Amino acid sequence: MTVLATDIRPRPLSDHVTTVLRSVRHRSPGEEVFHQAVEEVLSTLGPVLERHPEYVEARILERLCEPERQLMFRVPWVDDTGQIHVNRGYRVEFNSALGPFKGGLRFHPTVDLGTIRFLGFEQIFKNALTGQGIGAGKGGSDFDPPGRSEAEIMRFCQSFVTELYRHLGEHTDIPAGDIRVGVRELGYMFGQYKRIVNRFEAGVLTGKGIGWAGSHARTEATGYGAVFFLREMLATRGKNLDGLRAVVSGSGNVAIYAIEKAHELGTTVIACSDSGGYVVDENGIDVALLKDVKEVRRARLFEYAAARPSATYVTEGSVFDVACDVVLPCATQNELGHEHAATLIRHGVLAVSEGANMPCTARAVALFREAGVLFGPGKAANAGGVATSALEMQQNAARTSWSRAETASRLEEIMREIHAHTRRNAATYAEDPDDYVAGAAIGGFVRVADAMLAQGVV
Ligand code: NDP
Ligand code: 2IT
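Here the structure is a predicted model, which means the values were calculated and not measured.

Engineer: Would you mind going over the pairing of strand β1 (residues 69-78) with me for this structure?
Structural biologist: The side chains of a regular strand alternate, first on one face of the sheet and then on the other. Note that β1 and strand β2 (residues 84-95) share 10 bridges and pair antiparallel. Across the sheet, residue Leu 71 finds its bridge partner in β2, namely Arg 91. Between β1 and the antiparallel strand that follows it, β2, lie 5 residues; Gly 82 among them carries a positive phi value of about 95°.

Below is the structure:
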């Protein structure tokens, strides 16, 4: 089937939703990714608001789009040559109706307030979908770790937390990792937090190391979860992952473990990428080698290709030009545009599961939906990471540690429940159980909206 970008039918918007969207754009000029994320959610809510006029009356949409609190702060630090640098730190505490603010920290030169607000807004619905009693927040900095020494990264993390610590707490706000923030950075932040408050508050951060109050399966959780979600989507069409060929974008935390789980379940991942290019490896990506290149040596992806005769490194075009049955975009926002979607559809792609946050543009999503491609939005498909963070918080609160098998099986069960809840809401409100975009937004929204109604005008 040929689908043209001009065929895409936008969802009809009610007057109320149009007014709220206009106000969001007016109040946050230039924050395009935030507007995009808000529009994707609000455009699905028409049928919910029709059935529940009390949400409109209580101004739930207006309150949801306005963070409870947002912090911006200076992060000064000294490099190895003695030069002083000044970065900007952010923490947007978006919504605490269901639990303490929860969400990751991103360190990337492209980070600005709009980026953090988009990620924090997504987190509201994602965290609600997990059913784990967590509110939503997000933070980070425009600091750029690659090329920096260990000592510089440590000093940056310490400076970042020296300001942020006063806003954190296991009942208040609990950060974790995101792009370029992993167990190394979280370790430096946890150490500095502990030194300042003089308390080993395990539950103040998640994604900690296993030996110091971290949880088994947290490192793997987002990537594994995105593959579990893909498996559930395919099962609704009587298909499974066995014998399929996949493309995964990115080669960081989410991508690596998506590849590992896809291989375990019988799908061969033939390509992955980083910001410099992509590798095609018809024999299937060698996960041990990829981990060595990316996690141990922190090197570029071409070093994978250099060490693997069956792999080719490509710098032209996009990883999404590679023909495959299923796709897991696991790098960054808006990396998969409508031209990529059209190519993938032409190649016969069956399903897309978003490991990253909003990696597909609105036009790409619309094309996939029009073409009947199963599409799992990040809020649902990548919720396994934050869900396992909530499991880490449970273990910390009980001063205990579950086995890897126990934690991994809880993650699998949570992903099954998220999938079922998403489909139920899609069927009820969008009259199409395959409309995962509406199902995920609505499934999260109703839980948060009901809690906000019950808690009054706060
Ligand atoms: P990592 O930093 O571990 O990996 C990110 C990967 O994406 C790298 O391969 C990186 O390439 C690539 N990438 C990042 N930015 C760009 C860009 N602008 N253009 C092209 N490639 C880019 O991060 P994660 O794997 O943790 O995060 C990936 C995505 O998953 C993000 O959208 C994040 O928000 C989302 N996510 C993460 C969760 C987690 O638990 N970590 C949970 C849920 C969602 P390079 O090294 O060249 O920059
Ligand atoms: O986008 C995300 O869900 C994350 N980066 C993980 C957040 C968390 O608190 O584990």
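Engineer: Help me out: how do you make sense of the sheet that holds strand β5 (residues 173-176) in this one?
Structural biologist: The strand order β1-β2-β4-β3-β5 describes an open sheet built from 5 strands, whose pairing is mixed. Since the sheet does not close on itself, it has two edges, and those belong to β1 and β5, each with one partner. Shown here is a sheet whose adjacent strand axes are inclined to one another by a mean of 20°, direction ignored. Relative to β5, strand β3 (residues 101-107) runs parallel, the two being bridged by 4 bridges. Among the inter-strand pairings, Phe 101 is bridged to a residue of β5, identified as Asp 173.

Engineer: What am I meant to see in the sheet that holds strand β11 (residues 351-353) here?
Structural biologist: Sheets are built from strands paired through backbone hydrogen bonds, the pairs being either parallel or antiparallel. The strand order across the open sheet formed by 7 strands is β9-β8-β7-β6-β10-β11-β12, and the pairing between neighbours is mixed. Strand pairing shows two members of the sheet lacking a second neighbour, β9 (311-314) and β12 (374-376), which therefore form its edges. Sheet twist, expressed as the mean angle between neighbouring strand axes with direction ignored, is 15°.

Engineer: Is there a simple way to explain helix α10 (residues 253-264) in this structure?
Structural biologist: Every α-helical turn comprises 3.6 residues, leaving residues that sit three or four positions apart pointing alike. Between its first and last C-alpha atoms α10 spans 17 Å; for 12 residues at 1.5 Å apiece the expected length is 16 Å, and the two agree. Here α10 lies mainly inside the structure; 9 of its 12 residues are buried. Considered for burial, the residues of α10 that qualify are Val 254, Ala 255, Ile 256, Tyr 257, Ala 258, Ile 259, Glu 260, Lys 261 and Ala 262. Next to the buried residues of α10 lie α9 (218-235), β6 (245-249), β7 (268-274) and α11 (287-296). Phi turns positive one or two residues past the end of α10, at Gly 266, with a value near 95°.

Definitions and cut-offs
Residues numbered from 1 in each chain as written. Chains lettered and ligands numbered in written order. Predicted model: local features only at pLDDT ≥ 70, side-chain atom pairs only at ≥ 80, totals over all residues. Heavy atoms only, no water. Pairing = 2+ DSSP bridges. Helix = DSSP H or I, 4+ residues; strand = E, 2+ residues; numbered from the N terminus. Axes fitted to C-alpha atoms, helices over the stretch in contact; angles between N-to-C directions. Expected span 1.5 Å × (residues − 1). Buried < 20%, exposed > 50% of the residue type's maximum accessible area, 1.4 Å probe, protein only. Contact = heavy atoms within 4.5 Å.

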